[in-house]
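# Results of the structural survey
The primary structure of each chain is shown beneath.
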Amino acid sequence: MVKVKIMNKGRQELPAYATPLSAGMDLRADTGGPVTLRPMERRLIGTGLYIALPEGYEAQIRPRSGLALRHGVTVLNSPGTVDADYRGEIKVLLVNLSGEDFTLNDGERIAQMVVARHEQALLEPADSLDETERGAGGYGHTGVK
């Protein structure tokens, strides 16, 4: 388990894992009151949270499935990445993909945060790449099985 320092400058409780095997912690809106998203509107929603991740880690901001299923509201740049050297407030870019207004209440769960280890790549210029069975086959290349 990795330790992550967190400051809560908002009014909401700290994120927590819902079950012992959960990968993500729910983030809550810290808006001070209701916010209405019109159809196709996008808005950056604050959480009041600030974190310091250790080197080699990122926090991924992902949609909540229930919000997407029931209301058509999702995280637009999913997954969003919080880098280890970022010290600003964690904000969530929400979009309303439904045909109806959606009212977001202060304290409502709006996204999940997954803390994950990552590597940085050292890119090596090359004139050719090794051959594979798939080759250059792209989107949908492997078909439906």
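What comes next concerns the included structure.

Reading guide: rules and limits
- Residues numbered from 1 in each chain as written.
- Predicted model: local features only at pLDDT ≥ 70, side-chain atom pairs only at ≥ 80, totals over all residues.
- Heavy atoms only, no water.
- Core = buried A, V, L, I, M, F, W, Y, C linked by side-chain atoms within 4.5 Å.
- Buried < 20%, exposed > 50% of the residue type's maximum accessible area, 1.4 Å probe, protein only.
- Contact = heavy atoms within 4.5 Å.
- Phe/Tyr/Trp six-rings, centres within 6.5 Å; stacked < 30°, edge-to-face > 60°.
- Lys NZ or Arg CZ within 6 Å of the ring centre and 35° of its normal.
- Pairing = 2+ DSSP bridges.
- Helix = DSSP H or I, 4+ residues; strand = E, 2+ residues; numbered from the N terminus.
- Axes fitted to C-alpha atoms, helices over the stretch in contact; angles between N-to-C directions.
- 1 Å grid on protein atoms, 1.4 Å probe; cavity = no way out; pocket = protein on both sides within 12 Å on 5 of 7 lines; lining within 4 Å.
- Points joined across faces, edges and corners; volume = space filled by probe spheres on them.
- Nonpolar A, V, L, I, M, F, W, Y, C, P; charged D, E, K, R; others polar.

### Here we look at the nonpolar core
Counting residues in each nonpolar core, the largest one holds 25 residues, and the members touching the most others are Ile61, Val92, Leu94, Ile110 and Met113. Setting aside anything within four residues of it in sequence, one finds Val92 in contact with Leu27, Arg43, Leu44, Ile45, Thr47, Ile61, Val75, Ile110 and Ala111.

### Topic: the packing of aromatic side chains
Counted according to the given criterion, the structure contains zero aromatic pairs. Here the guanidinium or amino end of Lys9 rests over the ring plane of Tyr50, the centre of that ring lying 4.6 Å away.

### Examining the sheet that holds strand β8 (residues 80-82)
Spatial strand order, β2-β11-β6-β8: four strands in an open sheet with antiparallel pairing. On the outer flanks of this sheet lie β2 (25-28) and β8, each paired with one strand and no other. Neighbour-to-neighbour, the strand axes of the sheet open up by a mean angle of 35°, direction not taken into account. Judged from the four bridges that link them, β2 and strand β11 (residues 109-117) form a sheet pairing that is antiparallel. The partner of Asp26 across the bridge, within β11, is Gln112.

### A short note on the layout of surface pockets
In this model, the largest pocket occupies a volume close to 310 Å³. Along the walls of the largest pocket sit 13 residues, with Val2, Val4, Tyr17, Met25 and Val115 positioned nearest its centre. The residue makeup of the lining of the largest pocket, split by class, is 13 nonpolar, no polar and no charged. Approximately 180 Å³ is the volume attributed to the second largest pocket.

### Brief notes about empty space enclosed by the protein
According to the stated counting rule, one finds one cavity of 30 Å³ or more in the structure shown. Taken as a whole, the largest cavity spans an internal volume of roughly 40 Å³. Lining the largest cavity are Gln12, Glu13, Leu14, Pro15, Asp26, Leu27, Arg28, Thr47 and Leu49. The element that contributes the greatest number of residues to the lining of the largest cavity is β2, accounting for three residues.

### Description of the sheet that holds strand β9 (residues 91-96)
Neighbouring strands of a sheet are bound in pairs by backbone hydrogen bonds; such pairs are parallel or else antiparallel. The three strands lie next to each other as β4-β9-β7, forming an open sheet whose pairing is antiparallel. Edge positions in the sheet fall to β4 (42-46) and β7 (73-75), since each has one partner strand and no second. The sheet shows a mean angle of 35° between the axes of neighbouring strands, taken without regard to direction. Two strands pair when backbone bridges link them, and β4 and β9 are joined in this way by five bridges, in the antiparallel orientation.

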